[in-house]
Amino acid sequence: MRPIQMVDLRQQYSKIEKEINNAVLNVLDSSHYINGKEVQDFATNLAKYLDVKYVIPCANGTDALQIALMALGLEPGDEVITPSFTFIATTEVIALLRLKPVFVEVDPKTFCINPDELLKLITPKTKAIVPVHLYGQTAPMDEIMAIAKKHNLFVIEDNAQAIGADYISADGKKRKAGTIGNVGTTSFFPSKNLGAYGDGGAIFTNDDLLFEKIRMVANHGQSKRYYHDIVGCNSRLDTLQAAILNIKLQHLDEYILARQTVANFYDRAFENNSKISIPFRSSSSTHVFHQYTLLLNEVENPEKYRNELIDFLAQNGIPAMIYYPVPGHKQKMFEQFNSSFKEMPTTDWLTQRVFSLPIHTEMDTDQLNFITSKVLAFLIK
Ligand SMILES: *Cc1c(COP(=O)(O)O)cnc(C)c1O
């Protein structure tokens, strides 16, 4: 059996090695390392895939969020509502821009924003909502967009984990995750579902004015060369990464299918075990399984039990991870904002109970049988 990894990028590369090597050599040959033709090609191809008007590539997923927020023209102290149960990048950029992060509870089944809790947090200072499509399934966008419309708020979707997922509205309309709010952002970090061979990110929008603003912000606030109208930053996707992503984008649907196959295998193995809950499948979203995250049900001292399980798996050569062990409202970084959030029992409850198993495009049945048998062996102890 091949060694088990959380992601197996080497094996994935070997299947597309020829195409990738050719694309990389073409870029080296052209020597257009910055803003080469591949960058615009990739923006066009991704826009077509997502069915969105504009894609602006940038340097990474954190920059994508920062640039999206900068383009909204918010004032210091304006409030931005976002989950505490997410990767730090989502919340960090809000504080970096001297905006005020206001943490909202998530639904314990979907791990995404709970709209009822969101409604309770809106004040006259609220200006934006940043839903996160955590683990590969979309947040309840119909409800979030209705609240945003009523209260005149911007919506930026952090789509670093759900690229390619479909959101299905109540009326049956299907749209790609990240194209529903005013702006969507994503990351091409190598382990993401559409991963580069280095850093990368992108911003999407259907809004003409926001597109112009985002493009300027990402390029030194420049309207024309050497004329800088607003304070911006410098955030670009390298031509080499764009060339690689152009090839990988053609495989994205097949990669998603491979992840879903792994998830279905895990589901079948674990669905009848009372100690754990398998990932909830929302009827309003497809799930692209950036992570396969299980939840420990009521056991005494879940954190201790979870550590023992992770240790047991590690002894058997199976990595397992906790995404994320410390939620935003418990991070030192945000102590200055303590007044903007209170107790978060659901987030705390989830933080103590989630754990993620290896999931990627290259898993085979031997590996899956081995992992599920070891997890089950621990659970019956
Ligand atoms: C990965 C990730 C980011 C940040 O992406 P980088 O490219 O690493 O900057 C932001 N938000 C979420 C939810 C992520 O998973």
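This structure is a prediction, so every number in the text was calculated from the model and none was measured. (Residues numbered from 1 in each chain as written. Predicted model: local features only at pLDDT ≥ 70, side-chain atom pairs only at ≥ 80, totals over all residues. Heavy atoms only, no water.)

A. Spotlight on the overall build of the protein. A count of helices and strands for the protein gives 13 helices and 14 strands. The C-alpha atoms of the protein give 21 Å as radius of gyration, which agrees with the globular expectation for 381 residues (21 Å, within 12%). The principal-axis extents of the C-alpha atoms in the protein amount to approximately 70 × 55 × 40 Å. Across the 381 residues in the protein, those meeting the buried criterion constitute 56%. Across the protein, contacts joining residues at least 24 apart in sequence account for 72% of those joining residues at least 6 apart. Of the roughly 17,100 Å² of accessible surface on the protein, 51% is carried by carbon and sulfur atoms. Counting 38 positive and 43 negative side-chain charges, the protein places the centres of these two groups 1 Å from one another. (Helix = DSSP H or I, 4+ residues; strand = E, 2+ residues; numbered from the N terminus. Rg over C-alpha atoms; globule rule 2.2 N^0.38 Å. Buried < 20%, exposed > 50% of the residue type's maximum accessible area, 1.4 Å probe, protein only. Contact = heavy atoms within 4.5 Å. Areas by Shrake-Rupley, 256 points an atom, 1.4 Å probe, with all protein chains shown as cover. Lys, Arg positive; Asp, Glu negative; His and termini not counted. Charge placed at Lys NZ, Arg CZ, Asp CG, Glu CD.)

B. Focus on helix α10 (residues 252-270). In this model α10 runs 27 Å from its N-terminal to its C-terminal C-alpha over 19 residues, within 8% of the 27 Å that 1.5 Å per residue would give. Here α10 has its buried residues at Leu252, Tyr255, Ile256, Arg259, Val262, Ala263, Phe265, Tyr266, Asp267 and Phe270. (Expected span 1.5 Å × (residues − 1).)

C. Spatial organisation of the layout of surface pockets. Taken as a whole, the largest pocket holds about 580 Å³ of empty space. If you go around the largest pocket, you meet 23 residues; those closest to its centre are Asn35, Gln40, Ile56, Pro57 and Arg215. Elements with a contribution of two residues or more to the lining of the largest pocket: α3 (37-50), β1 (54-58), α8 (208-218) and β10 (222-224). A breakdown of the residues in the lining of the largest pocket according to their chemical character gives 11 nonpolar, 8 polar and 4 charged. When its volume is computed, the second largest pocket comes out at roughly 500 Å³. As for the second largest pocket, its lining consists of 28 residues, and the residues nearest its centre are Phe87, Phe189, Lys192, His290 and Tyr324. Listing elements by their share of the lining of the second largest pocket, those giving two or more residues are α4 (61-70) and α5 (88-96). At 3 residues, the largest contribution of residues to the lining of the second largest pocket is made by α4. (1 Å grid on protein atoms, 1.4 Å probe; cavity = no way out; pocket = protein on both sides within 12 Å on 5 of 7 lines; lining within 4 Å. Points joined across faces, edges and corners; volume = space filled by probe spheres on them. Nonpolar A, V, L, I, M, F, W, Y, C, P; charged D, E, K, R; others polar.)

D. Quick peek at the domain arrangement of the protein. Segmentation of the protein into domains returns domain 1 (9-249) and domain 2 (252-379). Across the boundary between the two partners, domain 1 contributes 44 residues, which contact 40 residues of domain 2. Taken together, both faces of the contact between domain 1 and domain 2 bury some 3,800 Å²; the carbon and sulfur share is 61%. Among the residues of domain 1 in contact with domain 2, Tyr135, Gln137 and Asn193 are the three that bury the most area, contributing 19% of the side total. Here Lys15 makes a salt bridge to Glu362, at a shortest N to O gap of 2.6 Å. Taken together, the links from domain 1 to domain 2 amount to 22 residue pairs in polar contact (both at pLDDT 80 or more). Breaking the side of domain 1 that touches domain 2 down by element, the ones donating at least two residues are α1 (9-15), α5, β3 (100-104), β6 (166-168) and α9 (239-250). (Domains from an automatic or database assignment. Buried area = accessible area lost by both parts, 1.4 Å probe. Salt bridge = Lys/Arg side-chain N within 4 Å of Asp/Glu carboxyl O. Polar contact = N/O pair within 3.5 Å; in protein donor to acceptor, adjacent residues only side chain to side chain.)

E. Broad picture of the site of the ligand. Around the ligand, 13 residues are found, and the nearest of them are Gly61, Thr62, Asp158, Ser187 and Lys192. The side chain of Asn60 places a nitrogen or oxygen atom 3.5 Å from an oxygen atom of the ligand. The side chain of Gln161 places a nitrogen or oxygen atom 2.8 Å from an oxygen atom of the ligand. If the ligand stood free it would expose 380 Å²; the protein chains cover 92% of that surface. With respect to the detected pockets, the ligand is housed in the second largest pocket. (Near = heavy atom within 4 Å. Sits in = over half its atoms within 2 Å of the grid points.)

F. Structural view of the environment of Gly73. The topology assignment puts Gly73 in the loop between α4 and β2 (79-83). The class for Gly73 is partly exposed, based on a relative accessible area of 46%. Gly73 sits 69 residues away from Ile4 along the chain, and the two C-alpha atoms are 46 Å apart.

G. Inspection of empty space enclosed by the protein at higher detail. Tallied over the entire structure, the rule returns 2 cavities of 30 Å³ or more. When its volume is computed, the largest cavity comes out at roughly 70 Å³. Lining the largest cavity are 13 residues, and of these Leu9, Gln12, Lys192, Arg259 and Thr361 lie nearest its centre. Within the lining of the largest cavity, the residues separate by chemical class into 3 nonpolar, 6 polar and 4 charged. Two domains each put at least three residues into the lining of the largest cavity: domain 1 (9-249) and domain 2 (252-379). Put simply, the second largest cavity is a space of about 40 Å³. Lining the second largest cavity, in full, are Lys109, Phe111, Tyr135, Gln137, Pro279, Phe280, His287, Phe289, Gln291, Tyr292 and Thr293.

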